[in-house]
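For reference, the chains in residue letters:
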Amino acid sequence: MKHLIYLDYNATTPIAPEVADEMLPYIQAHFGNPSSGYAIGRHNKEAIEKARMQVANLIGATPEEIIFTSGGTESNNHAIRGAVFANQQKGTHIITSAVEHPAVTEVCYYLEKQGYEITWLPVDSFGKVNLADVKKAVRPDTALISIMHANNEVGTIQPIKEIGEIAKTHGVLFHTDAAQSVGKIETNVNKLNVDLLSIAGHKLYAPKGIGSLYIRKGVKFENLIFGAGQERGLRPGTENVPYVVALGKACELAKENLEKNNRHLFQMRQLLLEGLKEKCQTTVKVNADLDNCLPNTLSIAFDGVDAHTLASFVGSGVSFSTGSACHADSVEISPVLNAMNTDRKTAAGTVRISTGKYTTEKEIDHAVEAISTAVNQLSLSK
Ligand SMILES: Cc1ncc(COP(=O)(O)O)c(C=O)c1O
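Conventions used here
- Think of each chain on its own: its residues are numbered from 1, step by step along the sequence as written.
- Given that the model is predicted, a residue must reach a pLDDT of at least 70 before its local features are reported, and side-chain atom pairs must reach 80 or more before they are shown or counted; all residues, however, enter totals for whole chains, interfaces and linings.
- Runs of E in the DSSP output that reach at least two residues are strands. Runs of H or I that reach at least four are helices, and both are numbered from the N terminus.
- Computation of the radius of gyration draws on C-alpha atoms alone. For the globule rule, the value is 2.2 Å times the number of residues to the power 0.38.
- Residues with at least 20 other C-beta atoms within 10 Å of their own are called buried, those with 12 or fewer are called exposed, and the rest are partly exposed. The C-beta atoms themselves are positioned from the backbone.
- By definition, residue pairs are in contact when their C-beta atoms, positioned from the backbone, come within 7 Å.
- Should the C-beta atom of a residue, placed from the backbone, lie within 6 Å of a molecule or strand, that residue is near it.
- Gly falls in the polar group here, along with every residue not listed as nonpolar (Ala, Val, Leu, Ile, Met, Phe, Trp, Tyr, Cys, Pro) or charged (Asp, Glu, Lys, Arg).
- Each nonpolar core consists of buried Ala, Val, Leu, Ile, Met, Phe, Trp, Tyr and Cys residues. Their C-beta atoms, within 7 Å, join them into a set.
- Domain delimitation in this document rests on an assignment produced automatically or drawn from a domain database.
- In this context, the arc is that of the directions from the helix axis out to the C-beta atoms.
- When DSSP finds two or more bridges between two strands, those strands count as paired.
- Every angle, taken between N-to-C directions, lies between 0 and 180 degrees, and every axis is a line fitted to C-alpha atoms, over only the stretch in contact when it is a helix.
- Handedness of a helix crossing follows the sense of rotation of the near helix relative to the far helix, less than a right angle counterclockwise being left-handed and clockwise being right-handed.

**With respect to the overall build of the chain**
Counting secondary structure elements, the chain contains twelve helices and 15 strands. For 382 residues, the compact-globule estimate of 2.2 N^0.38 gives 21 Å, and the chain sits close to it at 21 Å. Taken along its principal axes, the extent of the C-alpha atoms in the chain is 70 × 55 × 40 Å. A buried classification covers 49% of the 382 residues belonging to the chain. A sequence separation of at least 24 residues applies to 75% of the contacts in the chain between residues at least 6 apart.

Rendered as structure tokens:
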């Protein structure tokens, strides 16, 4: 197989070798049920508690504030529903933004059908919410604000700390979906002023199907599912020990290497952008303010070039995402680009390229060559 240049780390990441090494014994030898009182059970219980500490350490929480989930989607579902159901006396109004992941928007649509009222905050042309809009939206019956830390498509970072201050002032719970930011930029729950924070393991070199939810001590919270007493009764079910161990290790590595990785992701992204700007003979438009963006994310459009055609021209050698979905005879623009008021042509031409800790300069050189060659052929043939 030809060497694949993988530049879609926002979609998912490979499992880090150190993470795989750590989880392997728990797939094979250490099979005990963590709730069993004898040695092989107790060993696994300890492994879970070590992982809980590793997750907590990465985000500045205490281990009691961490529960393990199946990933970002479950964490977001649980955060929003668990918080509003437990705090119904506060009211049934929720504030969120127009650029959230479906794991938040779909929960809000569901709650809307149950009688909740949702305020969808608009964003500017870079996908950022306005603090004045947040302040204006808060009402006495607002039960929850849920705004993502960083956007998965364009990388824009939201002013979470400041939104958290507004939430605190008004006694409103505040959740952030940090699936894309954890491991790439600092995500300290106290500095960010959040009450609930979602983590998705497969975005930080742990396997798919594991995640975590931070629930600040003292927050009134309800179950999503019911069963025995695991995870303080909040997320019952026999724990997925190998994956929990994997997430713990991934968080430990992320903490140890945060600055180094951040710098590397940024350098690779910049190299890519500079290369594309230099070699593409058409206008290159970046859909974000790169000074307020995840270090690894580049949402970019090439004038006169359709993203799907570009992806098929570049072929399977370089992996990246497109900002639109292609149906039989129409192109559906992503809700995020729509909310940013991106014009249709730019949106249809938008690709998301995201670097990772394993991205090399050589890969970037090849990707620039492949993408710019395709862009130049396609824009000239227009
Ligand atoms: C911002 C954001 N939230 C939530 C999710 C969902 O996470 P998971 O795939 O672990 O369910 C993703 C994954 O794409 C994401 O990017």
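Let us keep going from here.
**Some words on the site of the ligand**
Taken together, 14 residues sit near the ligand, with Gly71, Gly72, Thr73, Asn152 and Ala200 positioned nearest. For the shell around the ligand, the element with the highest residue contribution is helix H3 (residues 72–86), accounting for three residues. In terms of residue class, the shell around the ligand is made up of four nonpolar, nine polar and one charged.

**Considering the nonpolar core**
Grouped together as the largest cluster of nonpolar side chains are 108 residues, with contacts concentrated most on Leu144, Leu196, Tyr214, Val244, Ala246, Leu247 and Ala250. At ten residues, the largest contribution of residues to this core is made by helix H7 (residues 241–256). If you count residues domain by domain, this core takes at least three from each of domain 1 (17–256) and domain 2 (258–380). Those residues within four positions of leucine 196 in sequence are excluded, and the remaining contacts are Ala79, Ala83, Leu173, His175, Leu213, Tyr214, Ile215 and Val219.

**Brief notes about the domain arrangement of the chain**
Often, the extent of an interface is quoted as the loss of accessible area upon association of its parts. Domain annotation for the chain reports domain 1 (17–256) and domain 2 (258–380). Its C-alpha centre places domain 1 at a distance of 29 Å from the equivalent point of domain 2. The residue inventory of the side of domain 1 that touches domain 2, partitioned by class, reads ten nonpolar, seven polar and five charged.

**Some points on helix H6 (residues 160–169)**
Regarding H6, the residues found buried are Ile160, Ile163, Gly164 and Ala167. For H6, the buried positions fall inside an angular range of 105 degrees around the axis, keeping them on one side. In this structure, the buried side of H6 is in contact with helix H5 (131–137), strand S5 (142–146) and strand S6 (173–177). Where H6 ends, the next residue or the one after it, glycine 171, has phi of about 65 degrees, a positive value.

**A short note on the sheet that holds strand S12 (residues 321–322)**
Strand order in this open sheet of four strands is S9-S10-S15-S12, and the pairing throughout is antiparallel. Whereas interior strands pair on both sides, the edge strands pair on one side only; in this sheet they are strand S9 (284–286) and S12. Of the pairings in the sheet, the one linking strand S10 (residues 297–302) to strand S15 (residues 350–354) comprises five bridges and is antiparallel in character. In the strand pairing of S15, serine 299 is matched with arginine 352.

**A look at the packing of H3 against helix H4 (residues 102–113)**
In contact at an axis separation of 9 Å, H3 and H4 are set at 35 degrees when each is read in the N-to-C sense. For the crossing formed where H3 meets H4, the hand is right-handed. On the side of H3, the interface is formed by Gly72, Thr73, Asn76, Asn77, Ile80, Arg81 and Val84, while H4 contributes Ala103, Val104, Val107 and Leu111. Among the residues making up the contact of H3 with H4, the classes are represented as six nonpolar, four polar and one charged.

**Describing the sheet that holds strand S3 (residues 93–97)**
The sheet built from seven strands is open, its strands ordered S2-S8-S7-S6-S5-S3-S4 with mixed pairing. Both outer strands of the open sheet, strand S2 (66–69) and strand S4 (117–121), are each paired with one neighbouring strand and no more. With direction set aside, neighbouring strand axes in the sheet form an average angle of 20 degrees. Taken together, the five bridges between strand S7 (residues 196–200) and strand S8 (residues 211–215) define a ladder with antiparallel strand orientation. Paired with leucine 197 across the two strands is tyrosine 214, which belongs to S8. H4 rests against S3, S4, S5 and S6 of the sheet, and its axis sits at about 150 degrees to S3.

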